[in-house]
Amino acid sequence: MSESIEDIEIQLLLDAVYRHYHYDFRHYARASIKRRLLQARSQWGYDSISDIQSAVLHDESILPKLLNFLTVQVSEMFRDPSYFRALREKVVPHLRTYPSLKVWVAGCSQGEELYSLAVLFAEEGLFERTIFYATDINPAALRAAQAGIYPLDRIQLFTENHRLSGGHSSLSDHYTADYDRAVFSKSLRERTVFSDHSLVTDAAFGEMHLISCRNVLIYFDRELQDRVVGLFGESLVRGGFLGIGSKESLRFSEHADMFAEFVREERIYRRSSQ
Amino acid sequence: MTLQAVVIGTSAGGVQALSQVLPRLPADFPAPVLVVVHVPPKQSNSIVDLFAAKCRLPVKEAEDKEPLAPGTIYFAPPDYHLLVEACGTIALSSDEPVNHSRPAIDVLFESAADAFGPGLAGIVMTGANSDGAQGLRAVYAADGQAIVQIPATAEVATMPEAALTACPDARTMALERIVPALEAMIAR
């Protein structure tokens, strides 16, 4: 089919956001971006995507709201418990051999994956030797990650996931309940550097031992996925580990040869030594 | 315009209903078939195996960025939305549930309507909620073929009834008429 007016408007909006604000969504998977923009349009009561473009160009207070629509992911702590179990049982024994560790949670959104890893590292006795880097392009998401506060009604799911991941502390040791919120312990993030970083436009982070980046690559097109996988390869020490989402794969990437499958069914890869 | 893709959505009673439809597709069926069925995550791996054993067409779980192949049946993986990109590749997303469902039928149907327009057939079958109703309307609005299982013949009529309310001009038919109707849309 020929390009619809809506598709033209979306391309123009993404170009405008990039040219004016340097947030680059032009290589995000288009079908999901379109869904989110149409949601934004109807929630904000605009008639067209072009109206969003006009609003965001002329009123910079719209930008954070647009970023929330385009980037924020509600995740779970210990989502896919078998992934965290594999980290615990298969990756941790290798990590133990290093005197100090760097872990990068790329696209940390509101921090669920970061706190999961912090709890896991604390349980495995690696926490004190680790620095965590939690990055996202959305400042509001980073603030939420830094706060570490989740609705109490999600805690039952997090607790069950944690148990299935092989957790051997009680998750409740790590947060305090405050009315309808669970506030995660400050000590869990005292070794975390929160930072604004774009996988699309920014450079590699040095010498990581583990990068966990789950359900971020599926939002990128092939070209951008390739860039990011290369970036991860450059950011890892030789023999360092990369964990991605259960439906993501490095198979089609031009940088696939930088990695070897380590735990295939959990999508955990290891940086090759060449 | 010939049939380019088929999307099917179903929920409660869906495995039974799909068993009346998918195995009837002939080995030379030319279009990809994408299916969202709401089932608990633990059961969904077995669904691919179940239908692979019954069908003449290859059956697989949809993978992100995979180009759609003709005559292949794709099931949405558990806990991910299934979408189609305009260029005819599969996209998965972990966006929040829609209609309390992930995968959601509406998400698949709306993206496929966008990608295939009049070349798409969308089918809503038995189910206990109204997911798929908006999606079917999108299929119809894009000049695709909208088909609904006759509610009286559905194990649970809620889903087909909701689809007909949202898209009153959809064609209704019994399950065994669906494959012949799809074959009639193929330009030979």
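Just so we're clear, the structure is a prediction, and the values are computed from it rather than from any experiment. (Residues numbered from 1 in each chain as written. Chains lettered and ligands numbered in written order. Predicted model: local features only at pLDDT ≥ 70, side-chain atom pairs only at ≥ 80, totals over all residues.)

Enquirer: Help me out: how do you make sense of the overall build of chain A in this one?
Expert: On a plain count of helices and strands, chain A comes out with nine helices and ten strands. A sequence separation of at least 24 residues applies to 77% of the contacts in chain A between residues at least 6 apart. (Helix = DSSP H or I, 4+ residues; strand = E, 2+ residues; numbered from the N terminus. Contact = placed C-beta atoms within 7 Å.)

Enquirer: How should the overall build of chain B be read in this particular structure?
Expert: Counting its secondary structure elements, chain B contains six helices and nine strands. Relative to its length of 188 residues, chain B is compact, with a C-alpha radius of gyration of 14 Å against a globular reference of 16 Å. Principal-axis analysis of the C-alpha atoms gives chain B an extent of 40 × 35 × 30 Å. Counting over 188 residues, chain B shows a buried share of 54%. (Rg over C-alpha atoms; globule rule 2.2 N^0.38 Å. Buried ≥ 20, exposed ≤ 12 C-beta atoms within 10 Å, placed from the backbone.)

Enquirer: Is there a simple way to explain helix H3 (residues 49-58) of chain A in this structure?
Expert: Residue and element names in this part refer to chain A. Of the residues making up H3, those classed as buried are Ile 49, Ile 52, Gln 53 and Val 56. The arc that holds every buried residue of H3, seen down its axis, measures 100°, which confines them to one face. Looking at the buried side of H3, the elements it contacts are helix H1 (5-21), helix H2 (30-44) and helix H4 (62-71). (Arc of directions from axis to C-beta.)

Enquirer: Please clarify how the packing of H2(A) against H4(A) should be interpreted in this entry.
Expert: Helices that pack against each other are described as a pair by the angle of their axes relative to one another and the distance between those axes. Residues and elements named next belong to chain A. Their axes nearest at 9 Å, the elements H2 and H4 cross at an angle of 140°. Judged on the interaxial angle alone, H4 and H2 are oblique. The interaxial crossing formed by H2 with H4 has right-handed handedness. Along the contact surface, H2 presents Ile 33, Arg 36, Gln 39 and Ala 40, while H4 presents Leu 66, Phe 69 and Leu 70. Each residue belonging to the contact of H2 with H4 can be placed in one class, and the counts come to five nonpolar, one polar and one charged. (Axes fitted to C-alpha atoms, helices over the stretch in contact; angles between N-to-C directions. Parallel < 35°, antiparallel > 145°, perpendicular 65-115°, else oblique. Left-handed = near helix turned anticlockwise from the far one by under 90°. Nonpolar A, V, L, I, M, F, W, Y, C, P; charged D, E, K, R; others polar.)

Enquirer: Even after reading the chapter, I still don't get the sheet that holds strand E1 (residues 5-10) of chain B, so can you show me in this structure?
Expert: Note: strands within a sheet are paired through backbone hydrogen bonds, in either parallel or antiparallel orientation. Residues and elements named next belong to chain B. Taken together, seven strands build an open sheet; the order of strands is E3-E4-E2-E1-E7-E8-E9 and the sheet is parallel. The open sheet has two edge strands, strand E3 (59-61) and strand E9 (171-173), and neither has a second partner. When strand polarity is set aside, the average angle formed by the axes of neighbouring strands in this sheet is 25°. Across five bridges, E1 lies against strand E7 (residues 120-124) in parallel orientation. (Pairing = 2+ DSSP bridges.)

Enquirer: Please explain H1(A) as it appears in this structure.
Expert: Side chains of residues three or four places apart in an α-helix project in the same direction, reflecting 3.6 residues per turn. All names here are of chain A. Compared with an ideal rise of 1.5 Å per residue, which puts 17 residues at 24 Å, H1 spans 24 Å between its outermost C-alpha atoms and is within 8% of the ideal. Those residues of H1 not exposed but buried are Ile 10, Leu 13, Leu 14 and Val 17. The buried residues of H1 occupy an angular sector of 95° when projected down its axis, which confines them to one face. More than 90 degrees from the buried face of H1, the exposed residues found are Ile 5, Ile 8, Arg 19 and His 20. (Expected span 1.5 Å × (residues − 1).)

Enquirer: When you look at the nonpolar core in this model, what are you seeing that I'm missing?
Expert: Within soluble globular proteins, side chains that are nonpolar tend to cluster in buried spots. Judged by nonpolar contacts, the single largest core of 126 residues is most densely connected at Leu34(B), Val35(B), Leu82(B), Leu108(B), Ala112(B), Leu136(B) and Ala163(B). Among the elements that line this core, the one with the most residues is helix H3 (residues 105-116) of chain B, at eight residues. Excluding its chain neighbours within four sequence positions, the residues that come into contact with Val35(B) are Ile8(B), Leu18(B), Ile73(B), Tyr74(B), Phe75(B) and Ala76(B). Counting twelve residues, the second-largest nonpolar core is a separate cluster that includes Val17(A), Phe25(A), Leu37(A) and Leu70(A). (Core = buried A, V, L, I, M, F, W, Y, C linked by C-beta atoms within 7 Å.)

Enquirer: Would you take a moment to explain the interface of chain A and chain B for this structure?
Expert: Of the residues lining the interface, 15 residues belong to chain A; the matching set on chain B comes to 17 residues. Across the side of chain A that touches chain B, the residue classes break down as seven nonpolar, three polar and five charged.

Enquirer: Is there a simple way to explain the sheet that holds strand E7 (residues 208-213) of chain A in this structure?
Expert: Residues and elements named next belong to chain A. Taken in spatial order, the seven strands make up an open sheet running E6-E2-E1-E7-E8-E10-E9, and their pairing is mixed. The open sheet has two free edges, formed respectively by strand E6 (192-196) and strand E9 (259-263), since each of these has just one partner strand. Averaged over all pairs of adjacent strands, the angle between their axes in this sheet comes to 20°, without regard to strand direction. Strand direction decides the pairing type here: E7 and strand E8 (residues 236-244), joined by five bridges, are parallel. Paired with Met 208 across the bridge in E8 is Leu 236. This element, helix H7 (residues 139-147), spans strand E2 (130-136) and E6 of the sheet and lies at about 170° to E6. Where helix H9 (residues 222-235) meets the sheet, it contacts strand E1 (101-106), E7, E8, E9 and strand E10 (268-271), and its direction lies at approximately 140° from that of E8.

Enquirer: What should I look at first to understand the domain arrangement of chain A in this one?
Expert: Size of an interface, as often reported, equals the accessible area lost when the parts are brought together. Residue and element names in this part refer to chain A. Each assigned domain of chain A is listed here: domain 1 (5-71) and domain 2 (81-271). Inter-centroid distance (C-alpha atoms) of domain 1 to domain 2 is 28 Å. On the domain 2 side, the residues contacting the ten residues of domain 1 number twelve residues. Of all the elements, H4 adds the most residues to the side of domain 1 that touches domain 2, at four residues. Partitioned by chemical class, the residues of the side of domain 1 that touches domain 2 number five nonpolar, four polar and one charged. (Domains from an automatic or database assignment.)

Enquirer: It is not clear to me how the pairing of E7(B) should be interpreted in this structure. Could you clarify?
Expert: All names here are of chain B. Of all five residues making up E7, five are buried, and the element is well covered by its neighbours. The two faces of E7 match: Leu 120, Gly 122 and Val 124 on one face and Ala 121 and Ile 123 on the other face are all buried. Across four bridges, E7 lies against strand E8 (residues 145-149) in parallel orientation. Of the residues in E8, the one forming a bridge with Ala 121 is Gln 145.

Enquirer: Sorry if this is basic, but what is going on with the environment of His27(A) here?
Expert: Residues and elements named next belong to chain A. Looking at the secondary structure, you find His 27 in the loop between H1 and H2. For His 27, a count of 18 C-beta atoms within 10 Å corresponds to the partly exposed category. In this structure, the C-alpha to C-alpha distance between His 27 and Tyr 175, residues 148 residues apart in sequence, is 38 Å. Ignoring sequence-local partners within four residues, the contact set of His 27 consists of Val 200, Phe 220, Asp 221, Glu 223 and Leu 224.

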